[in-house]
Structures are given as structure tokens and as C-alpha cells.
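Understanding the architecture of this molecule
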Amino acid sequence: MDITSLGFRTDLLLLELGGSEFRDTGEYVVVRTPQNPGFWWGNYLLYRTPFAPDDTELRLADFQREFPDAKHVAFGIDSTDGDAGAVDELTAAGFEIEPNVVMTAERVVPPPHANEQATYRFLSSDDDWEQVYHQSLACAEMTVDDDYREFTRRKLVAKREVVDAGNGKWFGAFDGDRLQSSLGLIFDGSGLGRFQNVQTSPEDRGRGLAGTLVHHAATYGLTQARKLVMVADPAYLAIRIYRSLGFADTETQLQIARPPA
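Let us look at the structure shown here. (Residues numbered from 1 in each chain as written. Predicted model: local features only at pLDDT ≥ 70, side-chain atom pairs only at ≥ 80, totals over all residues. Heavy atoms only, no water.)

1. Quick notes on the sheet that holds strand S4 (residues 73–77)
Whenever strands of a sheet pair, they do so through backbone hydrogen bonds, lying parallel or antiparallel. Read across the open sheet, the eleven strands follow the order S1-S2-S3-S4-S11-S5-S10-S9-S8-S7-S6; overall the sheet is mixed. Every interior strand has two partners, whereas the edge strands, strand S1 (21–24) and strand S6 (119–122), have only one. Recorded for the sheet is a direction-independent mean angle of 25° between the axes of neighbouring strands. Where strand S5 (residues 96–105) meets strand S11 (residues 248–258), nine bridges bridge the pair, whose relative direction is antiparallel. Counted as the bridge partner of Val-101 is Thr-252 from S11. (Pairing = 2+ DSSP bridges. Helix = DSSP H or I, 4+ residues; strand = E, 2+ residues; numbered from the N terminus. Axes fitted to C-alpha atoms, helices over the stretch in contact; angles between N-to-C directions.)

This is the structure:
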């Protein structure tokens, strides 16, 4: 399956390792995660071209045919330049267009404000993973209801299975046994390592934990891969941390979604 975008190519790697299924129709790739139907970016259509005029209605019909029971609608565009196409049509139809920056590094430098008080290590126990679950809920940017808790639990089960199978590592910054910050780093076996879910508990932010943890993980990662990939929100402060460590902007990844009514 030929995917141009490094962001989506590594996304599909992570999904495949977690049990997702793909079907290439030529015009688009159907990405399906049966074990977690509420996972928007595990159940979406990845188109090979931007939205031309009048495509929104046609592609909505494609999505509804492929995912008749889905409450959300989600599209990706397999490009690198961030061009969504018919933006006015998409916005009028209730879609949110999210451009993310795909960053890469082949070497890293220490963070300018390293945190030397925490302990940095791999996750190693059920309790470590349970803390990641609760940390993910605490870091959520949406209302945490029963559906979101179930989605988060299923997603974390899949991630742990990927790590347990030897395809990567999950890292944590700890104060004693208490998790403060966490992230995943998964490898494709051919020279790429992809970061996942960098997050810091709200009460521990502003202490240099995330930057120091990314540096620890990246230093390890470059012993296993030649290039590391990070996808970041251009409007969020964390992108400045990644740039300070040596990650460079490489391409723009476009995700287009309409939340459940």
C-alpha cells in the first residue's frame, strides 16, 4: 500500500500493530479498528487527493457506506503540503480541519531546562499502565464520560499489546512510584521510530518533565532506528519543546473530522 505522508504512513504502522484492518480502494484507504469503533483515527477514510468542489457530499456518502454505524465522520488526506481543498464546503458541512506538523530527528540535543529530580524508565508493571490510563483521562481535552473511558481503556490495551510483542517501549517519568509524564515509541523494523501520546499530568506541568522524557526516549530510540518521527499540534506549546531537542518540521498532516451530533 503506497502512502505518501510520513505521518499517515507511521499512523497506519501503529494501527496495524494494534490489530487494525485496511482496504485500499484506489481512491481511498479504509482504516478500520473493529475492537474500538469509537476511535475516530482508527476508523476513517484516507483519501489520496484533496477535496475538490462538491466532493464533501460524495465523500460523506463513501464514509456512511463504509461505516454505517459510526457516530463520527473522519477523513485524512495523503499529502504533505496541508492543502485540504474545498475548505468552505467542509466548514459549512460541520467539519473541523486539523493540520498537524510532522517532525523528524536523526540526532537530538539535551533539553534547555532538564528535570533531574524525576526517575526516567520503561513502564514495567500493571500499576504503571493503570497510571497511564488515569493520566490519559486527566489530560483529556473533552468531556470524560463512560464512552470516553471505554475508548481510552481499549486504546491502551492495544498499545500495551504492541509493546509486549516487542515492537516498542513505553516510557515514564516518576516521582517515586507516581507517574508524572509518559509517552510511547514504536519501531517499524526498517529504521523509523514513531512517538505516541506525549502527556504530563496537569499537576506536574511546567517542570521540564516532558522535554526531558522525550530526550531520554529519543536517545534510546536512536539506538534502534535511524530516524524518529513526532506529530505535533502547531498551536500547542509542546512543539517548541520538540524543536529545542532537535526535531525539525518536515511536512503537514491533515485530519478532517465531524464529531458525533
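2. Considering helix H5 (residues 146–164)
Between the first and last C-alpha of H5 there are 27 Å, a value that for 19 residues agrees with the 27 Å anticipated at 1.5 Å per step. Within the span of H5, buried status applies to Tyr-148, Phe-151, Thr-152, Leu-156, Ala-158, Lys-159, Val-162 and Val-163. Around the axis of H5, the buried residues are gathered within 160° of arc, so they sit on the same side. What points out from H5, more than 90 degrees from its buried face, is the exposed set Asp-146, Asp-147 and Asp-164. Of the surrounding elements, those touching the buried residues of H5 are helix H1 (6–17), helix H4 (126–138), strand S7 (168–175), strand S8 (178–187) and strand S9 (192–200). Of the residues that open H5, the one with a side-chain oxygen 3.3 Å from the backbone nitrogen of Asp-147 is Asp-145. Just downstream of H5, Gly-166 is the residue with a positive phi angle, here 90°. (Expected span 1.5 Å × (residues − 1). Buried < 20%, exposed > 50% of the residue type's maximum accessible area, 1.4 Å probe, protein only. Arc of directions from axis to C-beta. Contact = heavy atoms within 4.5 Å. Polar contact = N/O pair within 3.5 Å; in protein donor to acceptor, adjacent residues only side chain to side chain.)

3. Structural notes on the packing of helix H6 (residues 209–221) against helix H7 (residues 238–245)
Relative to each other, H6 and H7 sit at 40°, their axes nearing to 10 Å. The orientation of H6 relative to H7 falls into the category oblique. By crossing handedness, the relation of H6 to H7 is classed as right-handed. On H7, the residues that touch Gly-211, Val-214 and His-215 of H6 are Ile-241, Tyr-242 and Leu-245. Residue composition of the contact of H6 with H7, by class: four nonpolar, two polar and no charged. (Parallel < 35°, antiparallel > 145°, perpendicular 65-115°, else oblique. Left-handed = near helix turned anticlockwise from the far one by under 90°. Nonpolar A, V, L, I, M, F, W, Y, C, P; charged D, E, K, R; others polar.)

4. Regarding the pairing of S11
Note: S4 against S11, five bridges, orientation antiparallel. Opposite Ile-77, over in S11, you have Leu-254 as the bridge partner.

5. Here we look at unusual backbone geometry
Backbone geometry places Asp-54, a non-glycine residue, at a positive phi of 75°. Relative to the elements of secondary structure, Asp-54 occurs in the loop between strand S3 (44–47) and helix H2 (55–66). A positive phi angle, close to 50°, is found at Asn-197, a residue other than glycine. By relative accessible area, Asn-197 is classed as partly exposed at 34%.

6. Quick word on the packing of H4 against H5
Relative orientation of the contacting elements H4 and H5 amounts to 140°, with a least axis distance of 10 Å. Relative to H5, H4 is oriented oblique. Handedness of the H4/H5 crossing: right-handed. For the pair H4 and H5, the contacting residues are Asp-126, Trp-129, Glu-130, Val-132, Tyr-133, Ser-136 and Leu-137 in the first and Tyr-148, Arg-149, Thr-152, Arg-153, Leu-156, Lys-159, Arg-160 and Val-163 in the second.

7. Examining the side chain of Gln-135
If you trace the backbone, Gln-135 turns up in helix H4. Of the residues examined, Gln-135 reaches a relative accessible area of 3% and is grouped as buried. A polar side-chain atom of Gln-135 sits 3.1 Å from the main-chain carbonyl oxygen of Gln-180. Separated by 3.2 Å, the side chains of Gln-135 and Gln-199 make a polar contact.

8. Quick look at H2
Across its twelve residues, H2 extends 16 Å between first and last C-alpha, which sits within 8% of the 16 Å expected from 1.5 Å per residue. All of the buried residues along H2 are Asp-55, Thr-56, Arg-59, Leu-60, Asp-62, Phe-63 and Glu-66. On an axial view of H2, the arc spanned by its buried residues comes to 155°, and they lie on one face. In H2, the exposed residues that point more than 90 degrees away from the buried face are Glu-57, Leu-58 and Arg-65. Those residues of H2 hidden inside the fold are in contact with S1, strand S2 (28–32), S3, S4, helix H3 (87–92) and S11.

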